[in-house]
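Listed below, chain by chain, are the residues.
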Amino acid sequence: MQTTETKKLNEIIEAITDRKGKKISLLNLEKIETAPTNSFVICQGNSTSQVSSIADSIRERLQKNLDIKPYNYDGYKNSQWIIIDYGEIMVHVFLPEYREFYNLEDLWNDAKITNLPDLD
């Protein structure tokens, strides 16, 4: 039986791939005392419209399939980096250059990082 967190992660990944999001990374932060959450999901889109579309897809899918709304979200104004806060999971949707600049994977390199293959 899947936990609620696993169900959320699966829905988030499906929502990202539905909108052709790329380079999905899962960071497990559970063993890091100072971490703000249990997990990060990081991905990227190739344009500001794709970044906002991916973020919309995530929010809509979790609301429809799991009846879960985010605690908060931010970044739609520029759509260069949108963050969606689901409590134990935070989703980061970047443009490639902003993802490289902020480099969250390196910042949290003591986390267990799983990189998912792109579908195409």
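Check the entry above for the structure.
In this text the structure is predicted, and so the values were computed from the model without any measurement. Along each chain, the written sequence defines residue order, and numbers are assigned to residues from 1. Given that the model is predicted, a residue must reach a pLDDT of at least 70 before its local features are reported, and side-chain atom pairs must reach 80 or more before they are shown or counted; all residues, however, enter totals for whole chains, interfaces and linings. Heavy atoms throughout the structure, all of them, feed into the side-chain values; hydrogens and water do not.

Re the overall build of the protein chain
And then number 1: The numbering of helices and of strands both runs from the N terminus, where a helix is a DSSP run of H or I of at least 4 residues and a strand a run of E of at least 2. If you tally the helices and strands in the protein chain, you get four helices and six strands.
And then number 2: Ordering the α and β elements of the protein chain from the N terminus gives α-β-β-α-β-β-β-α-α-β.
And then number 3: Residue exposure (1.4 Å probe, protein chains only): buried if accessible area is under 20% of the type maximum, exposed if over 50%, otherwise partly exposed. Counting only residues that meet the buried cut, the protein chain has 44% of its 120 residues in that class.
And then number 4: Intrachain contacts of the protein chain at a sequence separation of at least 6 include 61% that bridge at least 24 residues.
And then number 5: Asp and Glu count as negative and Lys and Arg as positive, but His and the ends of the chain are not part of the count. Where a charge lies is defined by one atom per residue type, namely NZ (Lys), CZ (Arg), CG (Asp) and CD (Glu). Side chains of the protein chain give 14 positive and 19 negative charges; the mean places of these two sets differ by 5 Å. Residues count as neighbours in contact if any of their non-hydrogen atoms are within 4.5 Å of one another.

Quick notes on the packing of aromatic side chains
And then number 1: Aromatic contacts are taken between Phe, Tyr and Trp rings whose centres are within 6.5 Å, Trp giving its six-membered ring; a plane angle under 30 degrees counts as stacked, one over 60 as edge-to-face, and the others as tilted. Throughout the structure, instances matching the rule amount to five aromatic pairs.
And then number 2: Between the aromatic rings of Phe40 and Trp108, the centroid separation amounts to 5.9 Å while the plane-to-plane angle is 85 degrees, which identifies the pairing as edge-to-face. Residue Phe40 is found in strand S2 (residues 39-44), and its partner Trp108 is found in the loop between helix H4 (104-107) and strand S6 (112-115); the two are separated by 68 residues along the sequence.
And then number 3: Looking at Phe40, the relative accessible area reads 4%, which means it is buried.
And then number 4: Note on Tyr73 and Tyr76: the rings are 5.7 Å apart at their centroids and 80 degrees apart in plane angle, and the pair reads as edge-to-face.
And then number 5: Here Tyr73 falls in the partly exposed class, since its relative accessible area comes to 37%.
And then number 6: Of the residues examined, Tyr76 reaches a relative accessible area of 24% and is grouped as partly exposed.

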